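# Per-entry structural report
This is what each chain is made of:
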Amino acid sequence: MYVDPPAPRPRERDETPPAAPTGPLDSPQRAWEFNPDYQRLVLAWNTVLPQLETLRTALDKAYSLAKSPQTWDAPVGERYVQDIREWRTRLAVYRHSVLTAISDEAADTPRWIPTTANAPHAFQ
C-alpha cells in the first residue's frame, strides 16, 4: 500500500507573508498575496481525496463480499476475486500518482507572491 504524499496546506488564519529584510540597499517594501495557484492546488487536493476514498471504500466492500464463501459456491468465483484485487491495486497506483502530482506541484509553487496592489512607493 502506498503512503499519501504531503498535502498542500491551506492558508491559516494568523499566517503572515514572509518578512522582507530591511536594509539600506534592499528593494522597497512589497505587498504580498496568497498565491491563487497554490490555493487552486489545495482545492484540488480537497476535492480529489474524498472521491478517491469513496472509490477505495466501494472496492474494499466488493472485495470482502467476493472473498466471502457465501457469495461464490463455484470455483469461477476466484477469477472475480482476482479481478477485484487487480482493480484495487490499480486504484492504489492511480491514487498515489494523482496525489503525488498535486503534492509535487504544490512543493514547487510559492505560497506567497509579491503584488503591486497597495504597495508603498515614492512620490513621482
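Refer to the preceding data block for the structure.
In this report, the structure presented in the accompanying data block is examined. These numbers come from a predicted model, not from an experiment. (Residues numbered from 1 in each chain as written. Predicted model: local features only at pLDDT ≥ 70, side-chain atom pairs only at ≥ 80, totals over all residues. Heavy atoms only, no water.)

### A closer look at the packing of aromatic side chains
Inspection of every chain in the model, using the stated rule, returns two aromatic pairs. A ring pair is formed by Phe-34 and Trp-112, whose centres lie 5.5 Å apart and whose planes are at 85°; its orientation type is edge-to-face. Taken together, the residues Phe-34 in strand β1 (residues 31–34) and Trp-112 in strand β2 (residues 112–115) connect sequence positions 78 residues apart. In this structure, Phe-34 and Trp-112 share a single accessibility class: buried. Linked through ring pairs, Phe-34, Tyr-38 and Trp-112 together constitute an aromatic cluster. (Phe/Tyr/Trp six-rings, centres within 6.5 Å; stacked < 30°, edge-to-face > 60°. Helix = DSSP H or I, 4+ residues; strand = E, 2+ residues; numbered from the N terminus. Buried < 20%, exposed > 50% of the residue type's maximum accessible area, 1.4 Å probe, protein only.)

### Brief notes about helix α2 (residues 77–108)
An α-helical segment advances 3.6 residues per turn. Residues three or four places apart therefore align on the same side. In this model, α2 (32 residues) spans 47 Å end to end at C-alpha, consistent with the 46 Å of a helix rising 1.5 Å per residue. Here α2 has its buried residues at Gly-77, Val-81, Ile-84, Leu-91, Ala-92, Arg-95, Leu-99, Ile-102, Ser-103 and Ala-106. Looking at the packing, one finds that the buried side of α2 touches α1 (36–67). (Expected span 1.5 Å × (residues − 1). Contact = heavy atoms within 4.5 Å.)

### Notes on the pattern of salt bridges
Enumeration according to the criterion identifies ten salt bridges in this entry. Between Arg-95 and Glu-53 there is a salt bridge, with the nearest N and O atoms lying 2.5 Å from each other. Linking Arg-95 in helix α2 with Glu-53 in helix α1, this pair joins segments that are 42 residues apart in sequence. In this structure Arg-95 comes out as buried when scored by relative accessible area, which is 12%. By relative accessible area, Glu-53 is classed as partly exposed at 26%. One network of salt bridges, with partners in common, ties together Asp-4, Glu-53, Arg-56, Asp-60, Arg-88 and Arg-95. (Salt bridge = Lys/Arg side-chain N within 4 Å of Asp/Glu carboxyl O.)

### Some remarks on the nonpolar core
One broad trend across soluble globular proteins is that nonpolar side chains are buried collectively. Membership of the largest hydrophobic core comes to 16 residues, with the highest contact counts inside it found for Tyr-38 and Ile-84. Listed by contribution, the elements that provide at least two residues to this core are α1 and α2. The element best represented in this core is α1, accounting for eight residues. Those residues within four positions of Tyr-38 in sequence are excluded, and the remaining contacts are Pro-8, Arg-9, Ala-106, Thr-109, Pro-110 and Arg-111. (Core = buried A, V, L, I, M, F, W, Y, C linked by side-chain atoms within 4.5 Å.)

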